[in-house]
Amino acid sequence: MKTYIHRLSLTDFRSYTSLDFDLAGRSAYLFGPNGAGKTNLLEAISVLSPGRGLRGAALADLGRKNPDEAKGRPWGVAARLLSEDDDINIGTGSDPRDLNKRGVRLDGQNVSAARLLDHLRLVWLTPAQDRIFLEARAERLRFFDRLVFADEPAHASVVNAYEKALRERLKLLVHGPADDGWLSVLEQRLTESGARMIASRQRAMIALQAEIEDHHGAFPKADLALLGADNPDDLLDGYRRARARDAAAGRSLFGPHRMDLSVFHRDKNRTASDCSTGEQKALVLNMILAQGSRLSRRSDLPNPVLLLDEVAAHLDPVRRAALFDETTHLRLQTLFTGTDENLFDALRGRALGVRIDGGQLTEFVD
Ligand SMILES: Nc1ncnc2c1ncn2[C@@H]1O[C@H](COP(=O)(O)OP(=O)(O)OP(=O)(O)O)[C@@H](O)[C@H]1O
């Protein structure tokens, strides 16, 4: 299902007081100086999906505030989406009673954030993710889980339920009383959600690997592997046996929350963390494009919209051209950001060029 963002409206979101942006379903290159508000605009789109957006920010921090103010204003983001058989208004914004919460609306009806996924799938890449192969395991797993989740939305609630049970079990083990009955209930829950987590991650990894084989000739091939995927039949016993060790360590040392994603650069015959910065960027971009391509072929899902923050400038001209060709070929609505206006030349005719300065969109170049 091809879905495109047609119009985007922001109210008191980060540096924007009020903004209406007519994308008309097109891709766009947003350019302007540092601090102009380019990432803020991508972040506004990113909160049109469950979770806390591409910076992982606290919801209360998204509201516009002056430097001397401790608290931001209530904020809102709305979009009109058009697809082949759908025309819908989606919106989200602060809960006026509690700025740490937000409400979500679909055509004026209050709904849960998960419902946004019925209409819009987002895949993003930010500069912070360039270092994903060098980060701690938990960060890499979170990155990969987001890819899984764009594919299987239920994965997010399974991970949440798992993490909640894990925290509760650890609290009991460390602070007591270590009621064996309740611990067993929690470990049973961990076993059930843990087995689902492992299965979803394995499915997503296999599908992504198959997609990488088929596409993106200009980007290095990545060999993906999931490490630490326990046999689901061993989980219950594993938690039981880890009790004393976990209590002593004050950490949960067993289970699929300790899985990791291993990425290998096939042509260089090196693990990703030993590759150059540019090679790492190309590897992660390959994974993002593969995911975008995969989702775009699923006729049961909305077409993904790609948010690529400061990606183009860090690629060599051949890869940059390949990136622009790929997103055009896949008909993926993509929002690129960058400081260099000249990069727009390669996108002319297939994306809007939008100058952003002082928090305002000041110029459109077609
Ligand atoms: N809650 C907020 N209220 C008002 N302004 C904010 C808020 N949060 C961030 N800002 C401002 O937004 C600006 C940063 O915008 P953004 O990160 O979108 O810049 P950018 O154009 O992506 O810049 P760069 O090229 O440096 O990445 C900063 O000036 C910052 O002070």
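Residues numbered from 1 in each chain as written. Predicted model: local features only at pLDDT ≥ 70, side-chain atom pairs only at ≥ 80, totals over all residues. Heavy atoms only, no water.

1. A short note on the sheet that holds strand S1 (residues 3-13)
Either a parallel or an antiparallel arrangement is found when strands of a sheet pair, and the pairing is made through backbone hydrogen bonds.
For step 1, the next point in the chain: Taking strand neighbours across the sheet as the criterion, the six strands line up as S2-S1-S4-S5-S6-S7 in an open arrangement whose pairing is antiparallel. Edge positions in the sheet fall to strand S2 (16-22) and strand S7 (109-111), since each has one partner strand and no second. Here the average twist between neighbouring strands, direction ignored, is 20°.
For step 2, the next point in the chain: Here strand S4 (residues 76-83) pairs with strand S5 (residues 86-95) via eight bridges, running antiparallel. In the strand pairing of S5, Ser83 is matched with Asp86.
For step 3, the next point in the chain: Its contacts with the sheet put helix H1 (residues 38-46) on S1, S2 and S4, and the angle it makes with S1 is roughly 115°. (Pairing = 2+ DSSP bridges. Helix = DSSP H or I, 4+ residues; strand = E, 2+ residues; numbered from the N terminus. Axes fitted to C-alpha atoms, helices over the stretch in contact; angles between N-to-C directions. Contact = heavy atoms within 4.5 Å.)

2. Topic: the domain arrangement of the protein chain
For step 1, the next point in the chain: Split by domain assignment, the protein chain resolves into domain 1 (1-120 + 307-366) and domain 2 (130-301).
For step 2, the next point in the chain: For domain 1 versus domain 2, the distance between C-alpha centres works out to 27 Å.
For step 3, the next point in the chain: Carbon and sulfur atoms supply 71% of the area buried between domain 1 and domain 2, which totals about 1,400 Å² over both sides.
For step 4, the next point in the chain: Counting the contacts that link domain 1 with domain 2 gives zero salt bridges.
For step 5, the next point in the chain: Applying the counting criterion to the domain 1 and domain 2 interface returns two residue pairs in polar contact (both at pLDDT 80 or more).
For step 6, the next point in the chain: For the side of domain 1 that touches domain 2, the element with the most residues is helix H7 (residues 317-329), which contributes five residues. (Domains from an automatic or database assignment. Buried area = accessible area lost by both parts, 1.4 Å probe. Salt bridge = Lys/Arg side-chain N within 4 Å of Asp/Glu carboxyl O. Polar contact = N/O pair within 3.5 Å; in protein donor to acceptor, adjacent residues only side chain to side chain.)

3. Quick word on the site of the ligand
For step 1, the next point in the chain: Surrounding the ligand, one finds 17 residues, the nearest of these being Gly35, Lys38, Thr39, Asn40 and Arg55.
For step 2, the next point in the chain: Residue Arg14 places a main-chain N or O atom 3.1 Å away from a nitrogen atom belonging to the ligand.
For step 3, the next point in the chain: With respect to the ligand, the backbone of Asn40 contributes an N or O atom lying 2.7 Å from an oxygen atom.
For step 4, the next point in the chain: Tallied by class, residues from the shell around the ligand come to two nonpolar, eight polar and seven charged. (Near = heavy atom within 4 Å. Nonpolar A, V, L, I, M, F, W, Y, C, P; charged D, E, K, R; others polar.)

4. Some thoughts on the packing of helix H4 (residues 180-214) against helix H6 (residues 277-296)
For step 1, the next point in the chain: Where H4 contacts H6, the axes come no closer than 9 Å and their chain directions differ by 100°. When the axis of H4 is compared with that of H6, the two are roughly perpendicular. Within the contact between the two elements, H4 uses Ala207, Leu208, Glu211 and Ile212 and H6 uses Asn286, Met287, Ala290, Gln291, Ser293 and Arg294.
For step 2, the next point in the chain: Along the lines of polarity and charge, the residues of the contact of H4 with H6 split into five nonpolar, three polar and two charged. (Parallel < 35°, antiparallel > 145°, perpendicular 65-115°, else oblique.)

5. Considerations on the pattern of salt bridges
For step 1, the next point in the chain: Under the definition given, this model contains 30 salt bridges.
For step 2, the next point in the chain: One salt bridge in this structure joins Lys65 and Asp61, with 3.9 Å as the shortest N-O distance.
For step 3, the next point in the chain: Asp237 is the partner of Arg241 in a salt bridge, and the nearest nitrogen-oxygen pair spans 3.3 Å. Of this pair, Arg241 and Asp237 both sit in helix H5 (residues 235-249), four residues apart, roughly one helical turn.

6. Digging into the UniProt feature "binding site: ATP" (unreviewed entry) in the protein chain
For step 1, the next point in the chain: With numbering aligned to this structure, UniProt lists the feature "binding site: ATP" (unreviewed entry) at Gly32, Pro33, Asn34, Gly35, Ala36, Gly37, Lys38 and Thr39.
For step 2, the next point in the chain: Relative to the assigned elements, Gly35 resides in the loop between strand S3 (28-31) and H1.
For step 3, the next point in the chain: Overall, Gly35 belongs to the exposed group, its relative accessible area being 82%.
For step 4, the next point in the chain: What makes Thr39 buried here is its relative accessible area of 15%.
For step 5, the next point in the chain: Other than its neighbours up to four places away in sequence, Thr39 contacts Leu54, Arg55 and Asp309. (UniProt positions renumbered as here; feature names shortened; annotations may be inferred. Buried < 20%, exposed > 50% of the residue type's maximum accessible area, 1.4 Å probe, protein only.)

7. Description of the packing of helix H2 (residues 137-151) against H4
Angle between the axes and distance between the axes are the two parameters that describe a pair of packed helices.
For step 1, the next point in the chain: Packing of H2 against H4 brings their axes to within 10 Å, and their N-to-C directions diverge by 80°. By the criterion of interaxial angle, the relationship of H2 to H4 is roughly perpendicular. Of H4, the residues touching H2 (which contributes Leu141, Phe144, Asp145, Leu147 and Val148) are Ser200, Arg201, Ala204, Met205 and Leu208.
For step 2, the next point in the chain: Split by residue class, the contact of H2 with H4 holds seven nonpolar, one polar and two charged.

8. Here we look at H1
For step 1, the next point in the chain: In terms of burial, H1 is largely enclosed, as nine of its nine residues are buried.
For step 2, the next point in the chain: Along H1, the positions that sit buried rather than exposed are Lys38, Thr39, Asn40, Leu41, Leu42, Glu43, Ala44, Ile45 and Ser46.

9. Looking at the pairing of strand S12 (residues 304-308)
For step 1, the next point in the chain: Counting buried residues along S12, five of its five residues qualify, which places the element largely inside the surrounding structure.
For step 2, the next point in the chain: Burial along S12 is two-sided: Pro304, Leu306 and Leu308 facing one way and Val305 and Leu307 facing the other are all buried.
For step 3, the next point in the chain: The pairing of S12 with strand S13 (residues 334-338) spans three bridges and is parallel. Bridged to Leu307 within S13 is Leu335.

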